[in-house]
Amino acid sequence: SLSGLKRVAQYYVVTAFMALLIGVLIGPLQALNYAGIDAYPAVARIPLLRTIIGSYYQGLTLHGVLNALVFTQFFTSGWLLYLPLRALDVRPNLTFAWVTYGLMLAGLLTAAVPLLGNNATVLYTFYPPMEASPVFYIGAAVMVAASLLVAGQVIVAWIGWKRAHPGHVTPVVAYMSVATWLMWVIAALGLVAEVVFLLIPWSLGLTAGVDPLLARTLFWWTGHPIVYFWLLPAYVSWYAFLPRQAGGRLASEGLTRLAFALFLVFSVPVGLHHQYADPNISTAWKTIHMFLTFLVAVPSLLTAFSVAAALEDAAHARGGRGVLGWIRFLNWRDASMTGQVLAMVSFIFGGAGGIVNASYAFAPIVHNTAWIPGHFHITVGTATTLSFMAITFWLVPHLTGKRLHSPRLALPSVWLWFTGMMLFAVGMHWQGLAAVPRRTHLSAGAQDIYDTMQIAVPRALTGLSGVILLIAALLYFWVLLRTLVSPRVDDPEATVIPISDAISPSRPTLAQASPLVRRTEPLLALAGAALVLTLLVYLPVLGPMLASYQAVPGQRLW
Ligand code: HAS
Ligand code: HEM
């Protein structure tokens, strides 16, 4: 039943935000590090904190894993399970849904043991030859397997719906969700291969070593498209819900579907743009991945156009006029709308920075510098996270039947997050251009070189941003937790779903639909095309690596 499904979704979403709460609290310590202030000796005086943040790198591993991997995956598993099943009006197998949730949680708790015990301090990319406890890799594998089961449940439900409704157009929310899950299934293959065939046997001592280059290549097969697995759930909201929240409607159903179809086809075959600096991969293939990366920016540019049009339309309906004058007329009193619009604004800069990273000529300047965390805190850290936060302002009341606690505090929480992350981005991009490296405990003394650099201003900005973000997080989690512990009211007003009007197609059959809607409907064929394209650009790269496979012993960190 729908209420049973709501409950599973609620568990996923709440688990996600509990992970974010822990992960985010470590962030300000890292921001202080990039301000030249070493807070870690003080932290180590508190026994509980010493266990989980025993070193800068243990804390950083936890921060990356909890925020980027756990938070996003749990949120999306609830969000993109609930929305499509609801839109298709299919009766879900709740037992399957609960078992999947239990499995994902078990994977998380398993991986948490070595993480908290400092036996998996290998950062969230876990590059070999750094070697973590096998328990970490096994826990991570179980988590990913669970996410694939969620994907399976949604895709199977959709195929069943298609059979029962021949010739009908998939409702757009279900379309976006199924496209995202199909993309993730193809994307996950690299990571699954890396963990199952290389890392688990190696850490169990069954193989003598592992080839770091092959492992990294399989990792980035998944590692780039995973960012679209973090982004597309926010796009679902920007397209399907945000226009309504702003007082308008979806700009174009056809363009919406086209954007997701393009993401399905082009998200995966781009991973080498993370490996420009890696040896033994031909420049030709790196260049091809670069061009494909520019191609996968196209559906984001489409999204910018189409969602901006929807917002402008909404503002017009509220009396807004002028090239930019309309912006003032958006519903800025609504924290859910505001958070998402601010998340989109941050993504203009995050996306532009991404295109810089992808450019083979710029990459050597920014790679492995503080520029990169600057880039991804205004993509995953804001475009995604601030959108998810803003979504909870209606989603949690919708799922739980409770009323949002203090919308008055919700509003400053999203403004402070946006302000903090924009300052953080300025500080970190700037430091990166000054050649300050990422992943470095550079405040820990004996680092005089950093004190001679002309980076006082960006350092100060980064430190200040950490403080602002801490306040933003505390405000946000206060609102969320107070909402969760409040009594149910089942006020229909509080539990409504803000779905945009134009979302149920006026022309529900394929025969009547526009060419764009008709041609983007065969999602399985598009997924097949994605797989073929991915194999075309990866087999010539992986083949020689397998042929010259060279295992090196691990650097054991457990
Ligand atoms: Fe990235 C590294 C390239 C997007 C996340 N990226 C990372 C890492 C992370 C990450 C976590 O090519 C670090 C990995 C590590 O630890 O090593 N990235 C790109 C490109 C894009 C991109 C080309 N990244 C993302 C997204 C992420 C994310 C999305 C998470 C969610 N990234 C790279 C590269 C590297 C990299 C290299 C490796 C760097 C290195 O050297 O190591 C593109 O997809 C971006 C396209 C986006 C746009 C923006 C569209 C704008 C929109 C908003 C419009 C706003 C409106 C509001 C309408 C073209 C949709 C109007 C409202 C008003 C009120 C005005
Ligand atoms: C890394 C600060 C929130 C994901 C970092 C770094 C800093 C930082 C300074 C760079 C550390 C280094 O390279 O040595 C913060 C602050 C936050 C915050 C102040 C807010 C309070 C988030 C959020 C996400 C996130 C919400 C994602 C959802 C990551 C990831 C890394 C990272 C994936 C990379 C870890 C690595 O290089 O291994 N953070 N962060 N952070 N952050 Fe955040």
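First, a word on scope: everything that follows refers to the structure included in this document. Model, not experiment: these values are computed from the prediction.

Turning our attention to the packing of helix H8 (residues 212-223) against helix H22 (residues 523-547). Interhelical geometry of H8 versus H22 gives an angle of 165° and a closest axis separation of 10 Å. One element, H8, and the other, H22, form an angle in the roughly antiparallel class. The chirality of how H8 crosses H22 is left-handed. From H8, Leu213, Leu214, Thr217, Leu218, Trp220 and Trp221 reach across to H22, where they touch Thr534, Leu535, Tyr538, Val541, Leu542, Met545 and Leu546. When its residues are assigned to classes, the contact of H8 with H22 shows 11 nonpolar, 2 polar and no charged.

Time to look at helix H14 (residues 335-358). Relative to the 34 Å expected for 24 residues at 1.5 Å per residue, H14 spans 34 Å between its end C-alpha atoms, a close match to the ideal helical length. Bending of H14 peaks at approximately 25° at the position of Phe347.

The local shell around ligand 2 holds 25 residues, among which Tyr56, His63, His377, Arg438 and Arg439 are the closest. In this structure, an oxygen atom belonging to ligand 2 sits 2.6 Å away from a side-chain N or O atom of Tyr56. His377 is positioned with one of its side-chain polar atoms (N or O) 2.8 Å from a nitrogen atom of ligand 2. The set of elements that each furnish at least two residues to the shell around ligand 2 consists of helix H1 (2-33), helix H4 (56-88), helix H16 (371-377) and helix H18 (407-433). In the shell around ligand 2, the residues fall into 15 nonpolar, 8 polar and 2 charged.

Turning next to the site of ligand 1. For ligand 1, the set of nearby residues contains 33 residues, the closest of which are Tyr124, Tyr228, His367, His375 and Arg438. Within the contact set of ligand 1, an oxygen atom lies 2.6 Å away from a side-chain nitrogen or oxygen of Tyr228. At 3.0 Å, a side-chain N or O of His375 approaches a nitrogen atom of ligand 1. Every element with two or more residues in the shell around ligand 1 is listed here: helix H9 (225-240), helix H13 (298-317), H14, H16 and helix H17 (380-400). The element that contributes the greatest number of residues to the shell around ligand 1 is H14, accounting for 9 residues. Considering only residue class, the shell around ligand 1 consists of 20 nonpolar, 12 polar and 1 charged.

Each protein donor to the iron atom of ligand 2 is listed here as His63 (NE2) and His377 (NE2); together their distances run 2.0 Å. One can describe the site at the iron atom of ligand 2 as octahedral: its 6 donor atoms subtend angles covering 87 to 180° at the metal. Taken as a pair, His63 in helix H4 and His377 in helix H16 lie far apart in primary sequence, 314 residues in all. Across the pair, His377 and His63 agree in class, each one buried.

Within the protein, just one atom coordinates the iron atom of ligand 1: His375 (NE2), at a distance of 2.2 Å. Locating His375 in the fold gives a position in helix H16.

This part covers the nonpolar core. Ranked by size, the top nonpolar core spans 178 residues in total, and within it Phe17, Trp79 and Trp238 carry the most contacts. Sort the elements by how many residues they give to this core and helix H7 (residues 172-203) lands first, with 21 residues. Filtering out sequence-adjacent residues up to four positions away, Trp238 remains in contact with Pro243, Thr303, Val307, Gln340, Ala343, Met344, Phe347, Ala383 and Ser387.

As a further point, take the environment of Ile226. Within the secondary structure, Ile226 is located in helix H9. Under the relative-accessibility criterion, Ile226 is labelled buried at 12%. Expressed as a C-alpha distance, the spacing of Ile226 and Ser267, which sit 41 residues apart in the sequence, is 8.7 Å.

Another point: the packing of aromatic side chains. Each aromatic ring pair is described using two quantities: the centre-to-centre distance and the angle formed by the ring planes. Counted by the stated rule, this structure contains 40 aromatic pairs. Geometrically, the ring pair formed by Phe17 and Tyr476 is tilted, given 5.6 Å between the ring centres and 40° between the ring planes. With a gap of 459 residues between them, Phe17 in helix H1 and Tyr476 in helix H20 (residues 456-485) connect regions that are remote in the sequence. Accessibility assignment for this pair places Phe17 and Tyr476 in one class, buried. Each ring, one from Tyr228 and one from Phe263, has its centre 5.3 Å from the other, and the planes form 45°; the classification is tilted. One end of the pair, Tyr228, is in helix H9; the other, Phe263, is in helix H11 (residues 253-266), and 35 residues separate them in sequence. By the ring-pair criterion, three or more aromatic residues cluster together here, those being Phe17, Phe71, Phe75, Trp79, Phe241, Phe388, Phe393, Trp394, Tyr476 and Phe477. One cation-aromatic arrangement involves Arg556 over Trp558; the distance from NZ or CZ to the ring centre is 3.9 Å.

Turning our eyes to something else, we now look at the packing of H7 against H11. Between H7 and H11, the least distance of the axes is 9 Å, while the angle of their chain directions is 10°. With respect to H11, the axis of H7 lies roughly parallel. Contacts between H7 and H11 involve Val172, Tyr175, Met176, Ala179, Thr180, Leu182 and Met183 from the former and Glu253, Thr256, Arg257, Phe260, Ala261, Phe263 and Leu264 from the latter. Residues that form the contact of H7 with H11 fall into these classes: 10 nonpolar, 2 polar and 2 charged.

Together, Leu189, Leu531, Leu535 and Leu539 make up a nonpolar patch on the protein surface, roughly 320 Å² of accessible area in all. The biggest single contributor to the nonpolar patch is H22, with 3 residues. On the secondary structure map, Leu531 appears in helix H22. For Leu531, a relative accessible area of 32% corresponds to the partly exposed category.

Attention now goes to the environment of Asp38. For Asp38, the location among the structural elements is in the loop between H1 and helix H2 (40-43). Separated by 354 residues in sequence, Asp38 and Thr392 have C-alpha atoms that sit 34 Å apart. If sequence neighbours within four positions are ignored, Asp38 has contacts with His441, Ser443 and Ala444. A polar contact of 3.2 Å, which involves the side chain of Asp38, links it to the backbone nitrogen of Tyr40. Separated by 3.0 Å, the side chains of Asp38 and His441 make a polar contact.

Our focus in this paragraph is the side chain of Ser387. Relative to the elements of secondary structure, Ser387 occurs in helix H17. When its relative accessible area of 0% is taken as the criterion, Ser387 is described as buried. Within the structure, Ser387 has its side chain in polar contact with the side chain of Trp238 (distance 3.0 Å).

Rules behind the numbers
Per-chain numbering applies: the sequence of each chain, read as written, is numbered from 1 onward. The naming scheme follows written order: chains are lettered A onward, ligands numbered 1 onward. Predicted model: local features are reported for residues with pLDDT of at least 70 only, side-chain atom pairs are reported and counted for 80 or more only, and whole-chain, interface and lining totals are derived from all residues. Values reported for side chains reflect all heavy atoms of the structure, with hydrogen atoms and water molecules removed beforehand. Each axis is a line fitted through C-alpha atoms, taken for helices only over the stretch in contact, and angles between the N-to-C directions span 0 to 180 degrees. A helix here means a DSSP run of H or I that spans at least four residues, while a strand means a run of E at least two residues long, and both kinds are numbered starting from the N terminus. Each angle gets one of four labels, with under 35 degrees taken as roughly parallel, over 145 as roughly antiparallel, 65 to 115 as roughly perpendicular, and the rest as oblique. Left-handed describes a crossing whose near helix is turned anticlockwise from the far helix by less than a right angle; the clockwise case is right-handed. Here, two residues are considered to be in contact whenever any of their heavy atoms come within 4.5 Å of each other. Following the grouping adopted for this structure description, the nonpolar residues are Ala, Val, Leu, Ile, Met, Phe, Trp, Tyr, Cys and Pro, the charged ones are Asp, Glu, Lys and Arg, and the polar ones are all others, Gly among them. Between the first and last residue of a helix there are one fewer steps than residues, each counted as 1.5 Å, and that sum is the expected span. The bend reported for a residue corresponds to the angle between axes fitted to the seven residues ending at that residue and the seven starting there. Nearness here has a simple test: a residue counts as near a molecule or strand if at least one of its heavy atoms is within 4 Å of that partner. Identification of polar contacts relies on pairs of N or O atoms within 3.5 Å, with a donor-acceptor requirement for protein atoms, meaning one able to donate a hydrogen and the other able to accept it, and with residues adjacent in sequence counted only if both atoms are side-chain atoms. Only N, O and S atoms count as donors, using a 2.8 Å cut-off from the metal and 3.2 Å for Na, K and Ca, and because water is excluded some sites may appear unfinished. Metal sites are grouped by the angles between bound donors: all angles between 85 and 135 degrees with four donors is tetrahedral, opposite donors over 155 degrees apart with the others between 65 and 115 is square planar for four donors and octahedral for six, and any other pattern is irregular. Remark: exposure states derive from per-residue accessible area (1.4 Å probe, protein chains only) relative to the maximum for the residue type, with buried under 20%, exposed over 50%, and partly exposed in between. To define a nonpolar core, start from buried Ala, Val, Leu, Ile, Met, Phe, Trp, Tyr and Cys residues and group those joined through side-chain atoms within 4.5 Å. Whether two aromatic rings pair depends on their centres lying within 6.5 Å, for rings of Phe, Tyr and Trp, where Trp uses its six-membered ring; planes under 30 degrees apart make the pair stacked, over 60 edge-to-face, and the rest tilted. Two conditions define a charge located above a ring, namely a distance within 6 Å from the ring centre to NZ of Lys or CZ of Arg, and an angle within 35 degrees of the ring normal. Residues with no salt bridge and a relative accessible area higher than 30% make up the patches, which join like charges within 9 Å and nonpolar side chains (Val, Leu, Ile, Met, Phe, Trp, Tyr) within 5 Å. All accessible-area figures derive from a Shrake-Rupley calculation using a 1.4 Å probe, and residue coverage is judged against the displayed protein chains alone. Within this document, salt bridges are pairs made up of a side-chain nitrogen of Lys or Arg and a carboxyl oxygen of Asp or Glu, the two lying within 4 Å of each other.

Functional significance is not addressed by these values, which are geometric in nature.
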